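Descriptive analysis of the structure
Listed here are the chains, written in short residue letters.
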Amino acid sequence: MNDSFFISEAISLGLKGRFTVKPGVRVGCVIVKENRIIGRGFYEKYGGSHAEINAINDVKKKYKTNYLSKLSGSDLFVTLEPCSKKGKTGACVNELKKYDFKRIVVGVKDPTQKGINNLQRAGYEVKNLNNQQCQALNESFFHKVKFKKPFVRAKVAMSSDHKSVFASKHRKWITGIPARNDVQTLRAEADIILTGAGTINEDNPSMNVRSKKIIANKNFIQPERYVFSNSLKLNWSAPFFKLPGKKVVVTSKKSLPKLSQGMNDISLMTLKKNSNSLSSKDFIKRISKLNVNNILIEAGPRLLGSFGDHDLVDEYIFYISPEKLGDKALHFYEGNKQLNFFDKKLFDIVEETNIGKDKKITLRKK
């Protein structure tokens, strides 16, 4: 067994935190002695002990009386460079220096930390694998660091003739149950779910994660729910507002209307206006200052068009029904730009698969 095998084990551990560490990073760690894993740990919840500390504590728990000798001469594999700054917890490098590790193997560097340099100055042998899977484990985090803005996904459910809004209000779902279940994972990975007033008023959605398997995770927290509404003419009795969790109304107004009792955790974000609509560019500028790495847009054609026109969407995830809705239904995109989403000059297809009767296509901005 080599370094690639053990870092893969650490990646598997890091994935266990995919729904519970937001807005933090997913990190896994294994400690290896004589080619055998003696300790495992991962970052389990935002603000909790980091993966390296949990792996060390695992060794302490297993080898109560001789954990120091077990750790001495061992190799520590961690998917992300150990932190060198004090945050929600102390700097991990200070804890690592208490033990006589033979090597510290890092999956990928953290551009916000100097843990590798810190450990090397202390005399440790540190190896950086620059592993692409470790990079992908925290794609949104690295995107935020590089571009100074969150990674923005847009989920679009549409018909085979590219329509997303029924002509009749008697129907709600375009895609089947398997596709709708798949969206639950996208929501669970997001820090923020963003929609528009039209979606709230016409579809009466919850916009939360309802997958029993996901919400059963011990430290799971629902994503924050944001809605764009310039007029504040909203269905305030919709589940979107009444369900637990933080809700934010994005508007140009200075205050919310008087709300009925029992409507809690609703706040206001005031934006600039462009012509008659709220500025999507101003929203991203404002939200980029917050601890937010991943935004999922689930909205109607106009709001999606606003973000697409300003090149603010990094990834489009299409769920395409084989059904055609016809000329009276609305196209999924109502922006000023005439974007050809399936033009390979603009987007790369990073996934194409069938989910039930529907097709899922993921397009990534070049």
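Let me sum up the structure you'll find in this document.

Rules used throughout
Counting of residues starts from 1 at the beginning of each chain's written sequence and follows it residue by residue. The model is predicted, so local features are restricted to residues of pLDDT at least 70 and side-chain atom pairs to those at 80 or more, both for listing and for counting; the totals for chains, interfaces and linings are taken over all residues. Think of the side-chain values as coming from all heavy atoms in the structure, minus any hydrogens and water. When a residue's accessible area, from a 1.4 Å probe over protein chains only, is under 20% of the maximum for its type it is buried; when over 50% it is exposed; and in between it is partly exposed. Strands here are runs of E lasting at least two residues and helices are runs of H or I lasting at least four, both read from the DSSP assignment and numbered beginning at the N terminus. The pairing criterion for strands is at least two bridges between them, as found by DSSP. Simply put, an axis is a line fit to the C-alpha atoms, just over the touching stretch for a helix, and the angle between two N-to-C directions goes from 0 to 180 degrees. It only takes one pair of heavy atoms within 4.5 Å for two residues to be counted as in contact. Between 30 and 60 degrees the pair is tilted, below 30 it is stacked and above 60 it is edge-to-face, where a pair is any two Phe, Tyr or Trp rings, Trp via its six-membered ring, whose centres lie within 6.5 Å. Whether a charge lies above a ring is judged from NZ of Lys or CZ of Arg, which has to be within 6 Å of the ring centre and within 35 degrees of the ring normal.

Thoughts on the pairing of strand E8 (residues 192-196)
Within E8, five of the five residues are buried, leaving the element largely enclosed by the surrounding structure. Where E8 lies against strand E9 (residues 224-228), five bridges are found, and the strand directions are parallel. Residue pairing across strands places Ile193 opposite Arg225, the latter belonging to E9.

Some words on the sheet that holds strand E10 (residues 247-251)
Taking strand neighbours across the sheet as the criterion, the nine strands line up as E11-E10-E9-E8-E14-E6-E15-E18-E17 in an open arrangement whose pairing is mixed. Two strands bound the open sheet, and with one partner strand each, they are strand E11 (266-270) and strand E17 (347-355). Recorded for the sheet is a direction-independent mean angle of 20° between the axes of neighbouring strands. Docked against the sheet, helix H12 (residues 280-287) engages strand E6 (151-158), E8, E9, E10, E11 and strand E14 (294-297), running at close to 115° with respect to E11.

Here we look at the sheet that holds strand E2 (residues 36-42)
Taken in spatial order, the five strands line up as E2-E1-E3-E4-E5 in an open sheet, and their pairing is mixed. Of all the strands in the sheet, just E2 and strand E5 (125-128) have a single pairing partner and so form its edges. On average, adjacent strands in this sheet sit at an angle of 20° to one another, irrespective of strand direction. Both strand E1 (residues 28-33) and E2 contribute to a ladder of six bridges, which runs antiparallel. Note on E2: the bridge partner recorded for Gly28 is Phe42.

Observations concerning unusual backbone geometry
The peptide bond linking Lys22 to Pro23 adopts the cis configuration, its omega dihedral lying at -5°. Mapped onto the secondary structure, Pro23 falls in the loop between helix H1 (3-15) and E1. Backbone geometry at Lys148 places phi at a positive 60°, although glycine is not the residue there. Within the secondary structure, Lys148 sits in the loop between helix H7 (139-147) and E6. Overall, the relative accessible area of 59% leaves Lys148 in the exposed class. Residue Asp311 is not a glycine yet carries a positive backbone phi of 55°. Tracing the sequence through the fold places Asp311 in the loop between helix H13 (301-309) and strand E15 (315-320).

Section: the packing of aromatic side chains
Taken as a whole and assessed by the stated rule, the structure comprises 19 aromatic pairs. Ring pairing ties together the aromatic residues Tyr316, Phe318, Phe332, Tyr333, Phe341 and Phe347, which thus form one cluster. Directly above the ring of Phe240 sits Arg225, whose terminal nitrogen or CZ lies 5.6 Å from the centroid.

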